[in-house]
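Results of the structural survey
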Amino acid sequence: MDRSKLNELRENIDKIDRELVDLFCRRMETASQIAEYKRESGMAVYDPIREREKLAAVAGLAEDGMDNYVKQIYSLLFEVSRDYQSKLLGRSTELYNKISEAVANTPNLFPTSPRVACQGTEGAYSMTAAEKLFKSPQIEYVKTFADVIRAVETGYVKYGVLPIENSTAGDVSAVLKLLEDHDVYIVRAARCKIEHNCLVNPGTKLSDIKEVISHEQAINQCSKFIESLGNVKVTYAANTALAAKYVHDSGRGDIAAISSKHCANLYGLDAIKRDVQNTDNNYTRFVCISKNIEIYPGSDKTTVMLITNNTPGSLYRVLSRFNALGINLTSIISRPIEGRDFEFRFFFDFDTSIYAEEFANLMQTLDGCCEVFHYLGSYREII
C-alpha cells in the first residue's frame, strides 16, 4: 500500500469520526431529556434491565465478529451517559452527603500530638510510621491489630496505625479484613522504608544461629538471608520489636531476631548483619484510622472496598466507570469471600482530589453497580 492510499483511508476515518462525534452529542442531548423525565417521575438513573436489553440489541445489529467490540463500546457509552444524567439531576447519595459533611467539618490542620494506638512494643515499625504521621504522637502499644481497631472504636485513643501493604510481601490480609468488618476510616497514610537487620546478643556469630524469630511478613521479606543460614528454625512473633525483646530476654547465643536498628540500640543487641531484606526497594504502607470520617485539605487518594454482582461483566462495569471519569486506579487487591467459592471482594485505591467533579460523580454512582460498597476514606499519603 502506497502512502497516498494510507492518507485516503485516514481521511475517511476523520470523516467518520466527525459523524460519530455529531451522533454522540445528539445521543447525549437525548439522554439529558431522559434525565429530565426521570427527575419529574422520581426514577433512578440506573436501569439495569433496560441496559441489558439495549446491549443485546445493539450487539445484534453488528456484523459477524464485531458484536463483542460493539458491546465494549456501548458498555462504556452507558457509563458515560449514566454519569452525565446523574450530573444533570444533581442527586446526592447518603454516602456523598457524609463525605461532604466531613470535608466541611474536618479541621484544616492535621493533629500533631494525639493518642495513637500501635500494635507491638517500643521499636516496632508501626512506631516509626506513627512518628512520620504525627509530630509528637502519644503512643499506646497494644498486642494485636484487632486491639488497635478496638482502641479506636471505644475512644481509648483518637487514632490507630496499621500496616496495610508491603512492596515485596504484598497486602496484610488480616488488616484488610478488619477494615472491612469495622466502621473505621483512613484519614492519612505513610510509606516507610523497611530496613531489616539480623540482631543477636553480644558475642553471637552468624555460624552460631540455630533459630530466627520475627514477624511473618519480615520473615518473608528476608527469606534469602534466612536460607543462607542453613537449616535454622523459624519462629513467628507478633512483631519485629517483640522478636528483638525476646532475643534479649532469652540471653541465648544461638538465636537471632529480624528487626530494626532502633531495636538493636533499645535492647542492647548487636546488628551482626545489616539490610538483610531480599530487596532494597522494601517499603511498607501504613494507614492511620479514625472512628469518624475525617478528610483533611490536600486529600487526593481514596480507598474503597466493593463486591461486584456475580454476573458476567460486573467487574468490567465498575472498571469502565473509572475509565469514563479519567480516574487513575493505583491499586487493586482481591481477597476471597468466605463461604462463597471463587468469589472475591476488591480493595481499590485511586487518585483524585476530593474537590474534583469526577470524585463526586464516582461516589454518587459507584455503589449502584456493586453488591456491596464500603467507603474506607479519603486522605493524603506521605512518601
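Attention here is on the structure that accompanies the text. (Residues numbered from 1 in each chain as written. Predicted model: local features only at pLDDT ≥ 70, side-chain atom pairs only at ≥ 80, totals over all residues. Heavy atoms only, no water.)

Overview of the overall build of the chain
Here is the rule: In DSSP terms, a helix is any run of H or I states spanning at least four residues, a strand is any run of E spanning at least two, and both are numbered starting from the N terminus. Here the globule rule is a power law, 2.2 Å times the number of residues to the power 0.38, and the radius of gyration is based on C-alpha atoms. Burial classes: relative accessible area under 20% of the type maximum marks a residue as buried, over 50% as exposed, and values in between as partly exposed (1.4 Å probe, protein chains only). Note on contacts: a residue pair qualifies if any of its non-hydrogen atoms lie within 4.5 Å across the two residues. Under the convention used here, a 1.4 Å probe and the Shrake-Rupley method define accessible areas, while residue burial counts only the protein chains that appear.
Within the chain, the regular secondary structure consists of 13 helices and 15 strands. Computed over the C-alpha atoms, the radius of gyration of the chain is 27 Å, more than 25% above the 21 Å expected from 2.2 N^0.38 for a compact globule of 383 residues. With 383 residues in all, the chain has 46% of them scored as buried. In the chain, the proportion of contacts linking residues at least 24 apart, taken out of those at least 6 apart, comes to 75%. Approximately 19,500 Å² of the chain is accessible, and the part contributed by carbon and sulfur atoms is 50%.

With respect to the pattern of salt bridges
We count it as follows: For this analysis, a salt bridge means a side-chain nitrogen from Lys or Arg found within 4 Å of a carboxyl oxygen belonging to Asp or Glu.
By the definition in use, this model includes 21 salt bridges. Here E381 makes a salt bridge to R191, at a shortest N to O gap of 2.9 Å. Here E381 is found in strand β15 (residues 372-382), whereas its partner R191 is found in strand β5 (residues 185-193), with 190 residues between them in sequence. A relative accessible area of 11% means that E381 is categorised as buried. By relative accessible area, which is 35% here, R191 ends up partly exposed.

Examining a negative patch on the surface
Inclusion rule: A patch consists of residues whose relative accessible area exceeds 30% and which take part in no salt bridge; residues with like charges are grouped when within 9 Å of each other, and nonpolar side chains (Val, Leu, Ile, Met, Phe, Trp, Tyr) when within 5 Å. Under the counting rule used here, the positive set is Lys and Arg, the negative set is Asp and Glu, and His together with the chain ends is not counted. By convention, the point assigned to a charge is CZ for Arg, NZ for Lys, CD for Glu and CG for Asp.
A cluster of acidic side chains, namely E8, E11, D14 and D17, defines a negative patch on the protein surface. Looking at the secondary structure, you find E8 in helix α1 (residues 3-41). Since its relative accessible area comes to 40%, E8 is described here as partly exposed.

Description of the pairing of strand β11 (residues 283-290)
Our working definition: Following DSSP output, two strands are said to pair if at least two bridges run between them.
In terms of burial, β11 is largely enclosed, as seven of its eight residues are buried. Note: strand β3 (residues 159-166) against β11, seven bridges, orientation antiparallel. The residue of β11 that forms the bridge with P163 is F286. As paired strands, β5 and β11 are joined by eight bridges and run antiparallel to one another. Looking at the pairing, K193 lines up with Y283 of β11.

Topic: the side chain of N197
Threshold: Polar contacts, as counted here, are pairs of nitrogen or oxygen atoms within 3.5 Å of one another; within protein the pair requires one atom able to donate a hydrogen and one able to accept it, and residues that are adjacent in sequence qualify only if both atoms are side-chain atoms.
Here N197 lies in strand β6 (residues 197-200). At 3.1 Å, the side chain of N197 forms a polar contact with the backbone oxygen of E195. Apart from residues lying up to four places away in sequence, N197 is in contact with A257, I258, S259, S260, K261, A271, K273, R274, D275 and V276.

Observations concerning the sheet that holds strand β10 (residues 270-273)
Cut-off, in case you're wondering: Axes, fitted as lines to C-alpha atoms, cover a helix only where it is in contact. Angles between the N-to-C directions of the axes lie from 0 to 180 degrees.
Spatial ordering of the open sheet is given by β8-β7-β9-β6-β10, a layout of five strands whose pairing is mixed. Since the sheet does not close on itself, it has two edges, and those belong to β8 (233-236) and β10, each with one partner. When the angles between neighbouring strand axes are averaged without regard to direction, this sheet yields 35 degrees. Sheet analysis places strand β7 (residues 211-214) next to strand β9 (residues 255-259), joined by three bridges and oriented parallel. Across the sheet, E211 pairs through a bridge with I255, a residue of β9. On the sheet, helix α10 (residues 240-250) packs against β6, β7 and β9 and is oriented at approximately 155 degrees with respect to β9.

So, the packing of aromatic side chains
The following threshold applies: Each Phe, Tyr or Trp ring, with Trp reduced to its six-membered ring, pairs with another whose centre is within 6.5 Å; inter-plane angles below 30 degrees give stacked pairs, above 60 give edge-to-face pairs, and intermediate values give tilted ones.
For the structure shown, the criterion picks out nine aromatic pairs. Judged by centre distance (5.6 Å) and plane angle (35 degrees), the rings of F134 and Y159 are tilted. Note that F134 is positioned in the loop between α5 (125-133) and β2 (138-142) and Y159 in strand β3, a separation of 25 residues in sequence. With a relative accessible area of 2%, F134 lands in the buried category. Note on Y159: relative accessible area 1%, which makes it buried.

Comments concerning the pairing of β3
By the criterion of burial, β3 is predominantly enclosed, with seven of the eight residues buried. Taken together, the three bridges between strand β1 (residues 115-119) and β3 define a ladder with parallel strand orientation. Looking across to β3, one finds that A117 is bridged to G160. Relative to strand β4 (residues 170-171), β3 is paired through two bridges, and the arrangement is antiparallel. Note that in β4 the partner of N166 across the bridge is G170. If you look at the hairpin formed by β3 and β4, you'll find three residues sitting between the two strands.

Regarding the packing of helix α3 (residues 67-89) against helix α12 (residues 314-325)
Here is the rule we go by: Throughout, a crossing is termed right-handed when the near helix is turned clockwise from the far one, and left-handed when it is turned anticlockwise from it by less than a right angle. Three categories are distinguished: nonpolar for Ala, Val, Leu, Ile, Met, Phe, Trp, Tyr, Cys and Pro, charged for Asp, Glu, Lys and Arg, and polar for the others, with Gly belonging to the last.
α12 packs onto α3 with a crossing angle of 65 degrees between their chain directions and a minimal axis gap of 9 Å. With respect to the hand of their crossing, α3 and α12 are arranged in right-handed fashion. Counted together, Q72, S75, L76, E79, V80, R82 and D83 of α3 and Y316, R317, S320, R321, N323, A324 and L325 of α12 form the full contact between these two elements. Residue composition of the contact of α3 with α12, grouped by class: five nonpolar, four polar and five charged.

Observations concerning the environment of C198
If you trace the backbone, C198 turns up in strand β6. A residue is classified by how much of its surface remains accessible, and C198, at 0% relative accessible area, is buried. In the structure, C198 is positioned 61 residues away from S259 in sequence and 6.7 Å away in space, judged by C-alpha atoms. Residues contacting C198, with those up to four places away along its chain left out, are L206, I209, F225, A256, A257, I258, D270, A271, I272, K273 and V276.

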